[in-house]
Amino acid sequence: MSVMVLLGSIELGIIYAIMALGVFVSFRTLNMPDLSVDGSFVLGAAVSAVMSLNGHPFLGLGIAFIAGCGAGSITALLHTKLKIQPLLAGILTMLALYSLNLKVMSGRANIPLINKATVFKPFEGIILGGYDYSKLLFSLAVLTLLLLLLFLFLKTRLGFVLRATGDNDQMVRALGVNTDLVVLVGLALSNGLVAVAGALIAQSQSFVDVGMGIGMVVIGLASVIIGEVVFGVSSLLRRLIAVILGSILYRLIIAFALEIGMPPTDLKLVSAVIVALAMSMPILKKRFL
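To keep things clear, this report deals only with the structure shown in the data block. Positions within a chain are numbered from 1, following the residues in the order the chain's sequence is written. The predicted origin of the model limits local features to residues at a pLDDT of at least 70 and limits the giving and counting of side-chain atom pairs to 80 or more, whereas totals for whole chains, interfaces and linings rest on all residues. Only hydrogens and water are set aside when side-chain values are computed; all heavy atoms of the structure are taken into account.

Re helix α11 (residues 267-279)
Between the first and last C-alpha of α11 there are 18 Å, a value that for 13 residues agrees with the 18 Å anticipated at 1.5 Å per step. For this analysis, residues touch if any pair of their heavy atoms sits within 4.5 Å. Per the convention used, a helix needs a DSSP run of H or I reaching at least four residues, while a strand needs a run of E reaching at least two, with both numbered from the N terminus. Considering only its buried residues, α11 is in contact with α9 (216-231), α10 (236-259) and α12 (281-288). Multiplying one less than the number of residues by 1.5 Å gives the expected span of a helix.

This is how it looks when you write it as structure tokens:
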């Protein structure tokens, strides 16, 4: 694997790690399967692209986060107020977001951002060894900031209640806590982070497609599970860092699969196999090690 491919994989891994943190909040912290991730990822990308076309790429990141929070809130309301199962609520939101994303993109299936203002443009020129490090460094700075804010939030009283709700919502409800509001906050935060990842991917690749979110929930799950299996979960901070490292490791695995000649059309299959292996790792260790 060449150095350029290695750095490119790490760069993508850092951006997708933001999405993985969002998936961690819903799947691990709240213990809720949220499939609206596929739609909120594209929503963030679409909002970011439109803002970039209008010359406001940095504002696009903030609005993408707000839009993602709105998408997550819809899923939460469908579940808590209308008593729809979380899995189905996420699917309904994801379907609705497909049409909404097309409306955000003015009916177009894709939007090119070539030669348009992006969040990376002011930092261009950080070139070492023929590779432009501007995207990698800026994405790393955003990821570090979001990691710190998420860690501090999960250490607050509301954060503890959020984690407790995922562990035992009946106990939390018995203590007089409004768990519906907690679920709303958790899913809003989760999808907000996913939307920010979509926004950064759109500006990094200078392209947005309405179908680019297909399978994002699998990528997020793969990152979370690989991180937990390989790097451990002994503390909250370690779990969050493990999710990030899992995302980078996942992108390196995908890059290696491409390097050995695997067709790009098989990458979803590879993702599914990786998730299956990671989830079954405890059983495999008992039987074969």
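Comments concerning unusual backbone geometry
Among all residues except glycine, the phi angle is most often negative; among peptide bonds, the trans geometry is most common. Phi at Lys 83 is positive, roughly 60°, even though this residue is not glycine. Looking at the element boundaries, Lys 83 is found in the loop between α3 (57-80) and α4 (86-104). Since its relative accessible area comes to 62%, Lys 83 is described here as exposed. Here the term buried applies to any residue with accessible area under 20% of the maximum for its type, exposed to any over 50%, and partly exposed to those in between, with areas from a 1.4 Å probe on protein chains only.

Some details on the packing of aromatic side chains
A pair of Phe, Tyr and Trp rings is counted when the ring centres sit within 6.5 Å of each other, with Trp represented by its six-membered ring. The angle between the planes then sorts it: under 30 degrees is stacked, over 60 is edge-to-face, the rest tilted. Under the criterion given, the structure shown has 4 aromatic pairs. An aromatic cluster of at least three residues, connected via ring pairs, comprises Phe 58, Phe 120, Phe 123 and Phe 138.

So, the pattern of salt bridges
Every case where a carboxyl oxygen of Asp or Glu lies within 4 Å of a side-chain nitrogen of Lys or Arg is listed as a salt bridge. Applying the stated criterion across every chain, the model contains 4 salt bridges. Ionic pairing is found between Glu 228 and Arg 28, a salt bridge with its closest N-O pair at 2.8 Å. With a gap of 200 residues between them, Glu 228 in helix α9 and Arg 28 in helix α1 (residues 3-29) connect regions that are remote in the sequence. Taking relative accessible area as the criterion, Arg 28 reaches 35% and is therefore assigned partly exposed.

Considering the side chain of Ser 26
Following the sequence through the fold, Ser 26 ends up in helix α1. Filtering out sequence-adjacent residues up to four positions away, Ser 26 remains in contact with Asn 31, Met 32, Asp 34, Leu 187 and Ser 190.

Some words on the packing of helix α6 (residues 157-167) against helix α8 (residues 179-205)
Where α6 meets α8, the axes come as close as 10 Å, and the angle between the chain directions of the two elements is 100°. As summarised for this structure, α6 and α8 are arranged roughly perpendicular, according to the angle between their axes. Contact residues: Leu 158, Val 161, Leu 162 and Thr 165 in α6; Thr 179, Val 182, Val 185 and Gly 186 in α8. Throughout, the ten residues Ala, Val, Leu, Ile, Met, Phe, Trp, Tyr, Cys and Pro are labelled nonpolar, Asp, Glu, Lys and Arg are labelled charged, and all others, Gly among them, are labelled polar. Considered class by class, the residues forming the contact of α6 with α8 number 5 nonpolar, 3 polar and no charged. As a rule, the C-alpha atoms of each element are fitted with a line to give its axis, helices using only the stretch in contact, and angles between N-to-C directions run from 0 to 180 degrees. When describing relative orientation, an angle under 35 degrees is termed roughly parallel and one over 145 degrees roughly antiparallel, while 65 to 115 degrees is termed roughly perpendicular and anything else oblique.

Observations regarding the nonpolar core
Take the buried residues of types Ala, Val, Leu, Ile, Met, Phe, Trp, Tyr and Cys, join any two whose side-chain atoms come within 4.5 Å, and each joined set is a nonpolar core. The biggest cluster of nonpolar side chains holds 74 residues, and the ones touching the most others in it are Ile 18, Met 19, Leu 21, Phe 41, Leu 150, Leu 200 and Leu 240. Here this core takes 13 residues from α1, the largest share from any one element. Every residue in contact with Leu 150, bar those within four places of it in the chain, is listed here: Leu 21, Val 25, Leu 189, Leu 193 and Leu 240. Ranked by size, the runner-up nonpolar core spans 5 residues in total, among them Val 47, Met 51, Ala 71 and Leu 97.

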